[in-house]
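Per-entry structural report
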Amino acid sequence: MVPRHDLTDQRRAAHASGATGQRPAGPPAAPPLQRAGAEPAADGRPTREAQPTREVLAGYLHERAGELLRGLRAHDEAAGSAETAAEAAEAVRLLRRSARRICGTLQTFRPLLDTGWSDRVGAELRWLADVLAKEHEYAARLDRLLTALHRLSAPAAGPDGESAGPAEARTGRPGVGAAKAGALLERQLTLARTRAHSAALRALGSGRFHAVADEIAVLASEAPLDERSADRPAALTLRPLAELAHRRFAEAVDALPHGPEALAHTLTGTEGRHDSGWHHVRHLARQTRYALEVLDGPRQPTPGPGTDGAAAPLHTALALVGRHLTRHRDAAEAAAAASAAGRTPRIAPATAYALGVLHADQRHEVEAARLAFCRTWPPTGDR
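Everything quoted here is computed from the prediction, not taken from an experiment.

Cut-offs used in this document
Residues numbered from 1 in each chain as written. Predicted model: local features only at pLDDT ≥ 70, side-chain atom pairs only at ≥ 80, totals over all residues. Heavy atoms only, no water. Phe/Tyr/Trp six-rings, centres within 6.5 Å; stacked < 30°, edge-to-face > 60°. Helix = DSSP H or I, 4+ residues; strand = E, 2+ residues; numbered from the N terminus. Buried < 20%, exposed > 50% of the residue type's maximum accessible area, 1.4 Å probe, protein only. Lys NZ or Arg CZ within 6 Å of the ring centre and 35° of its normal. Salt bridge = Lys/Arg side-chain N within 4 Å of Asp/Glu carboxyl O. Core = buried A, V, L, I, M, F, W, Y, C linked by side-chain atoms within 4.5 Å. Contact = heavy atoms within 4.5 Å.

Considering the packing of aromatic side chains
We describe a pair of aromatic rings using the distance from one ring centre to the other and the angle between the two ring planes. Enumeration according to the criterion identifies two aromatic pairs in this entry. The interplanar angle of 65 degrees and the centroid separation of 5.1 Å between the aromatic rings of Phe249 and Trp377 together place this pair among those described as edge-to-face. With Phe249 in helix 8 (residues 234–254) and Trp377 in the segment after helix 12 (349–376), the pair connects residues that are 128 residues apart, well separated along the chain. Summarising the burial analysis for this pair, Phe249 and Trp377 share the class buried. Note on Trp278 and Phe373: the rings are 5.6 Å apart at their centroids and 80 degrees apart in plane angle, and the pair reads as edge-to-face. A residue pair is termed long-range when its members are at least 10 positions apart, and Trp278 in helix 10 (residues 271–296) and Phe373 in helix 12 qualify at 95 residues. Since its relative accessible area comes to 1%, Trp278 is described here as buried. Look at Phe373 and you get buried, because its relative accessible area is 1%. Over the aromatic face of Tyr60 sits the side chain of Arg64, whose NZ or CZ is 4.7 Å from the ring centroid. Against the face of Trp127 rests Arg208, its NZ or CZ located 4.0 Å from the ring centre.

Some thoughts on the pattern of salt bridges
The final tally for this structure, using the stated rule, is 21 salt bridges. Notably, a salt bridge pairs Arg54 with Glu227, separated by 3.3 Å at the nearest N-O pair. One end of the pair, Arg54, is in helix 2 (residues 53–78); the other, Glu227, is in helix 7 (residues 227–230), with 173 residues separating them in the sequence. Note on Glu227: relative accessible area 53%, which makes it exposed. The shortest N-O distance in the salt bridge between Glu215 and Arg120 comes to 2.8 Å. Taken together, the residues span a long stretch of sequence, with Glu215 in helix 6 (residues 207–219) and Arg120 in helix 4 (residues 115–153) at a distance of 95 residues. Judged by relative accessible area, which is 23%, Glu215 ranks as partly exposed. The class for Arg120 is partly exposed, based on a relative accessible area of 44%. A single salt-bridge network, built from bridges that share partners, covers Glu63, Arg64, Glu67 and Arg97.

Topic: the nonpolar core
Judged by nonpolar contacts, the single largest core of 43 residues is most densely connected at Leu57, Ile102, Phe109, Leu125 and Leu238. Discounting chain neighbours no more than four positions away, the residues touching Leu125 are Leu68, Ala99, Ile102, Cys103, Val212 and Ile216. Of all hydrophobic cores here, the second largest spans 18 residues; its members include Leu142, Leu149, Leu152 and Val357.

This is the structure:
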């Protein structure tokens, strides 16, 4: 069991004042879904929302299916060689990205599609994206934890620039146990990464994957739309469903704990149960962003004039809060990995102590990510 070591008194005080001083008692209302796609086209062509649903939704799915097939082809060409490992990793990233977007689009706009096909293919793409993400997640988690451990165990300089004394005497730093804690984490997470890599290779060579690849190959040229909606304007079919996804996201944000209650849930034993609500908000934010991509076309996020892009347009604000929520997830999972390592049988007390300090540091990162989310969402121009 990881011993629970809280932050230093100074960090705790600053942390608590930030939680209560910068966050309102309750969340402000989320901005409405913007109608960027309703602006007149410069060349006189019909706007996306005036186009038939068939052209907008099917066109988006065709593009994402083509991306997935290109990623698969690139992976087949690069896999199996150390010289092309970077190209293979990029191909896997493209596969994950395309699979997530197709899956999210099928979920949001399910009533406009063949529901049986949509549910089946969406489930398979969700499986594929999850399998392909594991190796990257373990590698990033290990890097995050080792970097944090190095930072926490670095000697603190005194007034004359010399070391301030033994590590254990300096504000709860990990000290001598840090090296063994790092070795333990590296051993556990490297093993998990290796297994995830093998699982991804098995998945890409499986009949299950080839079956879904065949479905995507068909999707690249033909989307199974509901014919009753296919020829109606996108404003009447796609926008109400995109607004529903946006409303679900806003409601999930409203349901999150706020103020001192949020800090208490972050730094106590109930942390994991409340983390799941934030992970769900991250999923819904991504769903809303994908829906906007269908309506308005893919956009590059451009930060606005406010702090952290707080006065940016909605699609940019969603991208920014998505980064905060991803940081939240990464820190929460890193804290859980440190806690799990601390439960390893027969580890030295100094190692367990170092893992406890690391766990507390990552829970501090969780709260920092939550505060950053609250400063960014909703955009200040819409509050």
